[in-house]
Amino acid sequence: TLKNFWEDLQAFPELHLYLLDKTTESNNASKSSSGRTIGDEHQRTVGAFFAIYWLMRIGSDGKDGFSFGVDQDWKPITRTGVDGASLYPKENRIKFRDQGNWDHFQRL
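What counts, and at which threshold
Residues numbered from 1 in each chain as written. Predicted model: local features only at pLDDT ≥ 70, side-chain atom pairs only at ≥ 80, totals over all residues. Heavy atoms only, no water. Helix = DSSP H or I, 4+ residues; strand = E, 2+ residues; numbered from the N terminus. Buried < 20%, exposed > 50% of the residue type's maximum accessible area, 1.4 Å probe, protein only. Contact = heavy atoms within 4.5 Å. Areas by Shrake-Rupley, 256 points an atom, 1.4 Å probe, with all protein chains shown as cover. Salt bridge = Lys/Arg side-chain N within 4 Å of Asp/Glu carboxyl O. Expected span 1.5 Å × (residues − 1). Phe/Tyr/Trp six-rings, centres within 6.5 Å; stacked < 30°, edge-to-face > 60°. Core = buried A, V, L, I, M, F, W, Y, C linked by side-chain atoms within 4.5 Å.

Student: Which residues make up the overall build of the protein chain, and what values do they have?
Tutor: Along its length, the protein chain carries six helices and zero strands. Start at the N end of the protein chain and walk to the C end: the helices and strands fall as α-α-α-α-α-α. Within the protein chain, buried positions represent 25% of all 108 residues. Sequence separation of at least 24 residues holds for 40% of the intrachain contacts in the protein chain that already meet a minimum separation of 6. Accessible area of the protein chain: about 7700 Å², with a carbon and sulfur share of 51%.

Student: Tell me about the pattern of salt bridges, and please be specific about residues and values.
Tutor: Counted under the stated rule, the structure contains five salt bridges. Among the ionic pairs, D83 bridges to K90, the shortest N-O distance being 3.9 Å. A residue is classified by how much of its surface remains accessible, and K90, at 22% relative accessible area, is partly exposed.

Student: Hey, could you go over helix α3 (residues 38-55) for me, with residue numbers and the actual values?
Tutor: The first and last C-alpha atoms of α3 sit 26 Å apart over 18 residues, in line with the 26 Å expected at 1.5 Å per residue. Within the sequence span of α3, burial applies to I38, E41, H42, T45, V46, F50, Y53, W54 and L55. Close packing links the buried residues of α3 with α1 (2-9), α2 (14-17), α4 (62-68) and α6 (102-107).

Student: Pulling in residues and values, what's your account of the packing of aromatic side chains?
Tutor: Tallying each qualifying case throughout the model produces eleven aromatic pairs. With a centroid separation of 6.3 Å and an interplanar angle of 85°, the aromatic rings of W6 and F50 are classed as edge-to-face. Separated by 44 residues along the polypeptide, W6 in helix α1 and F50 in helix α3 bring together distant segments of the chain. Of the residues examined, W6 reaches a relative accessible area of 25% and is grouped as partly exposed.

Student: Now, about the nonpolar core: what can you tell me, with residues and values included?
Tutor: One recurring pattern in soluble globular proteins: nonpolar side chains tend to sit buried together. Within the largest apolar cluster, seven residues are counted, these being L2, L9, L15, V46, F50, Y53 and W54. Considering each element in turn, this core owes the most residues, four residues, to α3. In this structure, F50 is in contact with L2, F5, W6, L9 and W74, ignoring residues within four places of it in sequence. If you look at the next biggest cluster of nonpolar residues, it comprises six residues, including F68, I77, V82 and A85.

Structure, rendered in C-alpha cells:
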C-alpha cells in the first residue's frame, strides 16, 4: 500500500534533513537553493517518490492513485469515488485518468 511505501521511505535519513526547517535572522523559513522553503522541497521530493510508486502500479490501481490521490485511509480514490472527494479541478483529473497516454508512462 502507499502507506507501507511511505513508512519504507523513512529508511532514508536524507528525507529528515528537509524537516530541520531552521529560521533565518529575519524569522523567514529557510530557503533551499531553488528559492523554495525546505518544507516545499520535502513535499516535492515525497511527491516524486509517490509518482514512481503509482507508475509502477499502472496495471492495477496506479492510474487512479496517480490521477485522484488517496483517501484518509491511504486507499486510492477511484473514478466512481471522485464525487465524494475534494479534488480540484475534478474534471481535469477525470479527463487525465480516462484519456492519459498511459503507455508512454509505462515506457518510463
